[in-house]
Amino acid sequence: MADTEITGARATGAEAAVARPRWRVNGGSVATHLVLSLGALVMVFPFLWQALTALKSLAEVSRVPPTFLPDDWNWSSFDEVFTAMPFREMLTNSALATAGRTAGQLVFCSLAAYAFARMQFRGRDLLFGLFLSVLMVPSSLLVLPQYDIIQQFGLLNSTPALFLPGMFSAFGTFLLRQAFLALPKELEEAARIDGAGSFRIFWSIMLPLIRPALAALAVITAMTAWNDLLWPLIVNTDPDAMPISAGLTSLEGQYETNYPVMMAGSLIASLPMLLVYVFLQRHFVQSVAFSGSKG
């Protein structure tokens, strides 16, 4: 009886030792998290410095050595940015230009990508290769001919001048073409058996299936259009017709720059793109994962 009790006690102790969780420190996991945390800090620090600079006075910004936290939290820069320039009009111009450029690329690039991926015609691959060669041309070389076209149409200092040249891109066509090529051909064949035409197949079947790629293109195009600086400075010299990216440059003076006001304006101008990425983040990640899985 005593031996049975001892054996039972040993078994209970062994089971407890097995059930007791053992905390093991994985050196590789810790190193990975440290590197990722350091990278996140490096990425977030400019935005944090921007926000803190907007809350400082001009004297604090010019102080040497610089201070990290403001002595007095100054919120007047966020009010002054609306009086220093037509900030609301510039935000509206940026929103319209971004929406027009993004919508144009989603429409035209998806149509061209479907033609290059699914339709058979003579010289398709050669034409697509020549089409991709546009990616090797610097965008600055296209400024003069595009400006001449916009001037001939009488669109200088207007909102359409901001987005018309960017409504089509070789990169967007290539991105969506790869998404169309990843779809099975059986879907298209079944639709043709049911009597659907090419445009019906494109609109009702193929286009909804590449929604992650469309979201990725929308995010990339929207960020590019919102941050574009060279083209708006050339075609729209009127402050009321400028986007916010070009308008913020007017805050830089010849002898002195009001950095708190500039940082406040830049912080407000970056919020719309942050919201766009937050809402489309899931589709953007799905597109990257989908493209990577197809190799």
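Residues numbered from 1 in each chain as written. Predicted model: local features only at pLDDT ≥ 70, side-chain atom pairs only at ≥ 80, totals over all residues. Heavy atoms only, no water.

The protein is annotated in an unreviewed UniProt entry as Carbohydrate ABC transporter permease of Streptomyces flavofungini. As stated in UniProt under Sequence similarities (unreviewed entry), the record for the protein gives "Belongs to the binding-protein-dependent transport system permease family." Note on the protein: under the UniProt heading Subcellular location (unreviewed entry), the record states "Cell membrane". (UniProt positions renumbered as here; feature names shortened; annotations may be inferred.)

Draft legend 1. Expanded view of the overall build of the protein. Across its full length, the protein carries 15 helices and zero strands. Counting the 295 residues in the protein, one finds 33% classified as buried. Long-range pairs, those at least 24 residues apart, make up 72% of the contacts in the protein between residues at least 6 apart in sequence. Roughly 18,500 Å² of accessible area belongs to the protein as shown, and the carbon and sulfur atoms make up 66% of that amount. (Helix = DSSP H or I, 4+ residues; strand = E, 2+ residues; numbered from the N terminus. Buried < 20%, exposed > 50% of the residue type's maximum accessible area, 1.4 Å probe, protein only. Contact = heavy atoms within 4.5 Å. Areas by Shrake-Rupley, 256 points an atom, 1.4 Å probe, with all protein chains shown as cover.)

Draft legend 2. Summary view of the packing of aromatic side chains. Inspection of every chain in the model, using the stated rule, returns 14 aromatic pairs. Plain terms: the ring middles of F82 and F87 are 5.0 Å apart, the flat faces sit at 70° to each other, and that makes the pair edge-to-face. Residue class for F87 comes out buried when judged on its relative accessible area of 1%. Through successive ring pairs, a cluster of aromatic residues spans Y114, F180, F199, F202 and W203. Its guanidinium or amino end placed over the ring of F128, R177 lies 4.1 Å from that ring's centre, counting from NZ or CZ. (Phe/Tyr/Trp six-rings, centres within 6.5 Å; stacked < 30°, edge-to-face > 60°. Lys NZ or Arg CZ within 6 Å of the ring centre and 35° of its normal.)

Draft legend 3. Looking closely at the packing of helix α6 (residues 124-132) against helix α9 (residues 170-181). Across the interface, α6 lies against α9 with an axial gap of 9 Å and an inter-helix angle of 135°. Classed by the angle they form, the pair α6 and α9 counts as oblique. Contacts from F128, F131 and L132 in α6 reach A170, T173, F174 and R177 in α9. (Axes fitted to C-alpha atoms, helices over the stretch in contact; angles between N-to-C directions. Parallel < 35°, antiparallel > 145°, perpendicular 65-115°, else oblique.)

Draft legend 4. Summary view of the environment of I220. Looking at the secondary structure, you find I220 in helix α12 (residues 211-227). Residues I220 and Y277, 57 residues apart in the sequence, show an inter-C-alpha distance of 9.4 Å.

Draft legend 5. Main features of α6. Buried residues of α6: R124, F128 and F131, and no others. Seen end-on, α6 carries its buried residues on one side only, within an arc spanning 55°. Within α6, the exposed residues directed more than 90 degrees away from the buried face are D125, L126 and L130. On its buried face, α6 sits against α5 (87-118) and α9. (Arc of directions from axis to C-beta.)

Draft legend 6. Seen up close, the UniProt feature "transmembrane region" (unreviewed entry) in the protein. Under the feature "transmembrane region" (unreviewed entry), the UniProt entry names residues 30-49, 95-117, 126-147, 159-180, 201-226 and 259-280. Taken as a whole, residues 95-117 contains 100% helix and 0% strand, while its terminal C-alpha atoms sit 32 Å from one another. For residues 201-226, helix accounts for 96% and strand for 0%, while the C-alpha atoms at its two ends are 33 Å apart.

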